[in-house]
Amino acid sequence: MSSDNKKWFSLNIGRKNQETSSSCSCGKQSGGCGGHDHEEIKHIEERKDGFEQVFDVKMNRRSAFKQLAASLAIGAGAVSTSCSMFSDDESKEKAQIDWEEQFKGNYKLMTDEEKKATVDRLVRSYQLRTGKTISMSSKNAEENVLFGYAFNISKCQGYMDCVSACVEENNQDRNSQMQYIRIHEMKDGNGFNFNESDDNYYHEVPAEGHFYMGTQCFHCDNPPCVNVCPVQATWREDDGLVVVDYDWCVGCRYCMAACPYDGRRFNWSKPEVPEEEINKNQHYLGNRLRKKGVMEKCTFCVQRSRAGKNPACVEACPTGARIFGNLLDPNSTIRWVLENKKVFRLREDLGTEPKFWYFMD
Amino acid sequence: MRRFKVFKSLVRDSLDTITQGSRKYHLWMAALTFMMLVGMYCYSIQLDEGLSVTGMTDRVSWGLYISNFTFLVGVAAAAVMLVMPTYVLKDIDFKQAVLIGEGLAVAALVMCLAFVIADMGGPSVLWHMIPEIGVFNFPNSMLTWDVLVLNGYLFINITIPLYILFRHYQGKEAKSKVYIPGAFISVFWAVAIHLVTAFLYQGLQARPFWNNALLGPRFLASAFAAGPALIILVLAVIRSSTSFKIQDKTIKKIAMVVTVAAQINLIMLISELFKEFYAPTHHSESAYYLFFGLHGKDALLPWIWTAIPLNILATVILTFHKLRNNFKVLYFACFILFIAIWIEKGFGLIVPGFIPGPYGKIAEYIPTGIEIGVTLGIWALGAFVFTILAKTAIGIEIGKLRYKK
């Protein structure tokens, strides 16, 4: 989460450093050295997940009783469904999956096996419910990759092909017409005056005397939304993507209030996508189907970008206004743009360090 | 073992007291129960369909629930204004009032927690927020601080009165050695709950309307005006409908507290208005929207222009000794002050924070019927909890409830 070369100030009390070594100073790899109990527990929690993350921690008798009582109370209902004599194997399996999904841990803290397990459960659950098979990835960030995005204001003509490509790619709720991207139509001569711009136009484009500018999640290097989340359901991945674990989100919408770029969207009701329009090539952190009451946002199409493809908006843009690539690769187009164009970012004064640049020809 | 028996008898006796009373009392409780049921029905619709049944949208993502939550944290914090003079400064006047104040704090906190849960998109995964079992993003997220301080304050405000009442129930004096440390902690804690709640908003660089250093202090000032104002009104009702003795000078002293807090609050309001309107910048737009409307959108104008005159009128009335010492006028002033601050610290604070949006979009917010139903239900819940607590406490304090060996 924290990078070493950051330029802003952040209070770092008690934030877990990811580079902490697993052994303690007494040299032992596992517990038993005494005096480090707390650290050990924390570390185990970081690696385990699912039931283990919740229950398989070292605990004293009192907390064990407490947790046991809590889980018994919650479990009673689920047990009664999964052990029912009258239900068949499939519904038992469904109940089992639902139960495991309800009490799984935070994706951010899962090991690769646990990530795969939850993805398998989700795929199987979808199969049981609809009879159709989806593919879902849990691919992690690759080494030496940091995604960045550039937007050419001179080229954009406001066709909004990016918006519809994004909606189709990312399985967004069709009822509420949720869109990650907003295209702002601005009057020539007024500069970047968002107050007088229109992000909801219905007329032929390009309109005379106007220019266009797109906004979406900027995948900040210092994202305010990540800090405020009370349960760490949203975080910055190592390749710079700011993602949400839809199953861990409690829906408090604090991140939405904290985002200065209008980058986040909330599922106010159950999101619906017609079965035939569902994009079945999914990623756990990306376009898998969401539920009501959770946050979501642009992920630079993590299911595409981590597979070496451009995000849907970049591919769909008919004017070539959108450029995406690896900031750490000196030969990438995005690096060429940053080095040869006069680029700027929105609201740099807030210290958010967006990875989304604007430029003009 | 004996303590356990006494406690059992206390619970039984208090159940007896709260289920018996005058006709008026029964009507009051029935009305509250009805409102709670309506609220629960509305909430069940919200659970079923999602938060889309509220007026909130992606543009204005917090509304009536969070507004009420913010205001009620202030009411809860106000109990300190009674606790401090009684236990810390040893001013005996407030002794009778302080139990009522703490009961009010408990009721307000119950409402706060209910409002937060009502606002959640996924109440079924709320266990993610429990430290140790879930993932608690402490100390980074101010919301986790708020969870800690609110629950801590709730604990303090339940245990202190419980201890005192438990002793009085057995006909013994409460040992000051036991509860004074708790009272001291609660004084600091009360300031903390309100300051932390202010920081929740104050720390967001994305929302210039909230991101100002005066927000925290102003929260405190308005809380110490609205909370004790409510306590005065409640004491007035208790005085007239029970045999619980509350002296005139107690109410007069609380009125003094309200007056000073209201005056400070007004000074801060002037300072805020000066900053927003003397040299307006891009960041003043939310204030413009709140007070004058922007581009023909003016949904909040009736609210704020009710709140400001009421606020000024109440402060002026309270400032004159002659008016303040007339109880009828005092009750009126407290009532309008309470309403004014409810609007100002609720609606008038939360909604304009989102308007205009990050890119200047002005989307207005109007709460729906279901949202209002849930809100009224939660207020009824608070009143219900308070009535139960107060009735038991009064019963013990006037000696009607005693442990029979």
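Chain B is annotated in an unreviewed UniProt entry as Molybdopterin-containing oxidoreductase family membrane subunit from Seonamhaeicola aphaedonensis. Within the UniProt record for chain B, the comment given under Subcellular location (unreviewed entry) is "Cell membrane".

Labelled according to an unreviewed UniProt entry, chain A appears under the name Molybdopterin-containing oxidoreductase family iron-sulfur binding subunit, originating from Seonamhaeicola aphaedonensis.

Our focus in this paragraph is the interface of chain B and chain A. Residue-level contacts link 33 residues of chain B with 42 residues of chain A. Take the side of chain B that touches chain A: its biggest share by element is three residues, from helix 6 (residues 142-169) of chain B. Broken down by class, the residue content of the side of chain B that touches chain A amounts to 15 nonpolar, 14 polar and four charged.

All names here are of chain A. On domain assignment, one finds that chain A holds domain 1 (37-137) and domain 2 (139-361). At the junction of the two partners, domain 1 supplies 13 residues and domain 2 supplies 14 residues. Elements supplying a minimum of two residues to the side of domain 1 that touches domain 2: helix 5 (112-130) and strand 1 (135-137). Per-element tally for the side of domain 1 that touches domain 2: the top contributor is helix 5, with four residues.

What follows deals with the confidence of the model for chain A. When pLDDT is low, close inspection of the predicted coordinates is not appropriate. When pLDDT is averaged across chain A, the result is 83; 76% of the residues are at 70 or more. Counting interchain partners and residues more than four positions distant, the pLDDT-below-50 stretch residues 6-51 of chain A has 41 contacts.

Geometry of a packed helix pair, given as the angle between the helix axes and the separation of the axes. Residue and element names in this part refer to chain B. Where helix 3 (residues 64-77) meets helix 7 (residues 176-202), the axes come as close as 9 Å, and the angle between the chain directions of the two elements is 165°. The angle between helix 3 and helix 7 falls in the class roughly antiparallel. Along this stretch, helix 3 crosses helix 7, giving a crossing that reads as left-handed. Residues Thr70, Val73, Gly74, Ala76 and Ala77 of helix 3 pack against Ala190, Ile193, His194 and Thr197 of helix 7.

Attention shifts here to the pairing of strand 10 (residues 322-326) of chain A. Residue and element names in this part refer to chain A. Of all five residues in strand 10, five are buried, a share of seventy percent or more. Note that strand 2 (residues 147-152) and strand 10 share five bridges and pair antiparallel. Looking at strand 10, one finds that Ala150 is bridged to Ile323.

Residues and elements named next belong to chain A. Mapped onto the fold, Asn281 is located in strand 8 (residues 281-283). Each C-alpha atom of the pair Asn281 and Pro318 lies 23 Å from the other, and the pair is 37 residues apart in sequence. Beyond its immediate stretch of four places on either side in the chain, Asn281 contacts Ser135 and Gln303.

Time to look at the nonpolar core. Counting residues in each nonpolar core, the largest one holds 195 residues, and the members touching the most others are Ala76(B), Met111(B), Cys112(B), Val258(B) and Leu337(B). Per-element accounting of this core gives the leading share, 17 residues, to helix 5 (residues 95-119) of chain B. Both domains that meet at this core, namely domain 1 (37-137) and domain 2 (139-361) of chain A, each give it at least three residues.

Before going further, it helps to spend a moment on the sheet that holds strand 11 (residues 356-359) of chain A. Residue and element names in this part refer to chain A. Taken together, three strands build an open sheet; the order of strands is 10-2-11 and the sheet is mixed. Edge positions in the sheet fall to strand 10 and strand 11, since each has one partner strand and no second. Between one strand and the next, the sheet's axes are offset by a mean angle of 20°, whatever the strand orientation. Both strand 2 and strand 11 contribute to a ladder of four bridges, which runs parallel. By the bridge assignment, Asn152 is partnered in strand 11 with Phe359. Sheet strands touched by helix 11 (residues 333-340): strand 2, strand 10 and strand 11. Its angle to strand 10, the strand with the most contacts, is close to 110°.

Cut-offs and rules
Residues numbered from 1 in each chain as written. Chains lettered and ligands numbered in written order. Predicted model: local features only at pLDDT ≥ 70, side-chain atom pairs only at ≥ 80, totals over all residues. UniProt positions renumbered as here; feature names shortened; annotations may be inferred. Contact = placed C-beta atoms within 7 Å. Helix = DSSP H or I, 4+ residues; strand = E, 2+ residues; numbered from the N terminus. Nonpolar A, V, L, I, M, F, W, Y, C, P; charged D, E, K, R; others polar. Domains from an automatic or database assignment. pLDDT = per-residue confidence, 0-100. Axes fitted to C-alpha atoms, helices over the stretch in contact; angles between N-to-C directions. Parallel < 35°, antiparallel > 145°, perpendicular 65-115°, else oblique. Left-handed = near helix turned anticlockwise from the far one by under 90°. Buried ≥ 20, exposed ≤ 12 C-beta atoms within 10 Å, placed from the backbone. Pairing = 2+ DSSP bridges. Core = buried A, V, L, I, M, F, W, Y, C linked by C-beta atoms within 7 Å.

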